[in-house]
Amino acid sequence: MSVLVRIGRKKAILCAGKWSCADTRVEEQLQAALEIWVQKTGGPPIGNPDPDKYAAEAIRHEMDFEVILSNRPKSHKPQNAYMNKRQLRLLF
């Protein structure tokens, strides 16, 4: 687990650039907000030690949630996940 957030009475987890929540509607909204933020800003700075926390804090006010818990990742998987999200999507 990387970042645990609370939205009202619901909780969601952001791990390696992907949201998980028992409420699929909330999960889809969070994932869409994250994707839009990454496309607008380029995502967390390259080399950030905790990119999931950085991303959660960046969209926190937009989605109106509270960060409850954050654990720094032990691997480079989250950093690699954001590198993939930064790629431009070309429609051919």
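For the structure given in this document, a descriptive report is provided here. (Residues numbered from 1 in each chain as written. Predicted model: local features only at pLDDT ≥ 70, side-chain atom pairs only at ≥ 80, totals over all residues. Heavy atoms only, no water.)

## Structural notes on the packing of aromatic side chains
Here's step 1: On inspection of all chains with the given rule, the structure shows 2 aromatic pairs.
Here's step 2: With a centroid separation of 5.8 Å and an interplanar angle of 65 degrees, the aromatic rings of W19 and F65 are classed as edge-to-face. Here F65 lies in the loop between α2 (51–63) and β4 (66–70) and W19 lies in strand β3 (residues 18–21), a separation of 46 residues in the sequence.
Here's step 3: Residue F65 is classed as buried on the basis of its relative accessible area, which comes to 6%. (Phe/Tyr/Trp six-rings, centres within 6.5 Å; stacked < 30°, edge-to-face > 60°. Helix = DSSP H or I, 4+ residues; strand = E, 2+ residues; numbered from the N terminus. Buried < 20%, exposed > 50% of the residue type's maximum accessible area, 1.4 Å probe, protein only.)

## Describing the sheet that holds β3
Hydrogen bonds between backbone groups are what pair the strands of a sheet, and the pairing can be parallel or antiparallel.
Here's step 1: Taken in spatial order, the 4 strands make up an open sheet running β3-β2-β1-β4, and their pairing is antiparallel. Both edges of this open sheet fall to β3 and β4, since each of them pairs with a single strand only. Neighbour to neighbour, the strand axes of the sheet diverge by 25 degrees on average, direction disregarded.
Here's step 2: Where helix α1 (residues 24–41) meets the sheet, it contacts β1 (3–7), β2 (10–15) and β3, and its direction lies at approximately 165 degrees from that of β3.
Here's step 3: In this fold α2 packs onto β1, β2, β3 and β4, with an angle of close to 135 degrees to the strand it touches most, β2. (Pairing = 2+ DSSP bridges. Axes fitted to C-alpha atoms, helices over the stretch in contact; angles between N-to-C directions. Contact = heavy atoms within 4.5 Å.)

## A few points about the environment of P73
Here's step 1: With respect to the helices, strands and loops of the structure, P73 is situated in the loop between β4 and α3 (77–85).
Here's step 2: Assessed through its relative accessible area of 23%, P73 is described here as partly exposed.
Here's step 3: It is 36 Å that separates the C-alpha atoms of P73 and F92, two residues lying 19 residues apart in sequence.

## A word on the nonpolar core
The tendency in soluble globular proteins is for nonpolar side chains to be buried side by side.
Here's step 1: If you look at the biggest cluster of nonpolar residues, it comprises 18 residues, and the most contacted ones within it are L14, W19, L30, L34, I59 and F65.
Here's step 2: Elements that contribute at least two residues to this core include exactly β1, β2, β3, α1 and α2.
Here's step 3: With 6 residues, α1 is the single largest residue contributor to this core.
Here's step 4: Those residues in contact with W19, other than ones at most four positions away along the chain, are V5, A12, I13, L14, E27, L30, Q31, L34, I59 and F65. (Core = buried A, V, L, I, M, F, W, Y, C linked by side-chain atoms within 4.5 Å.)

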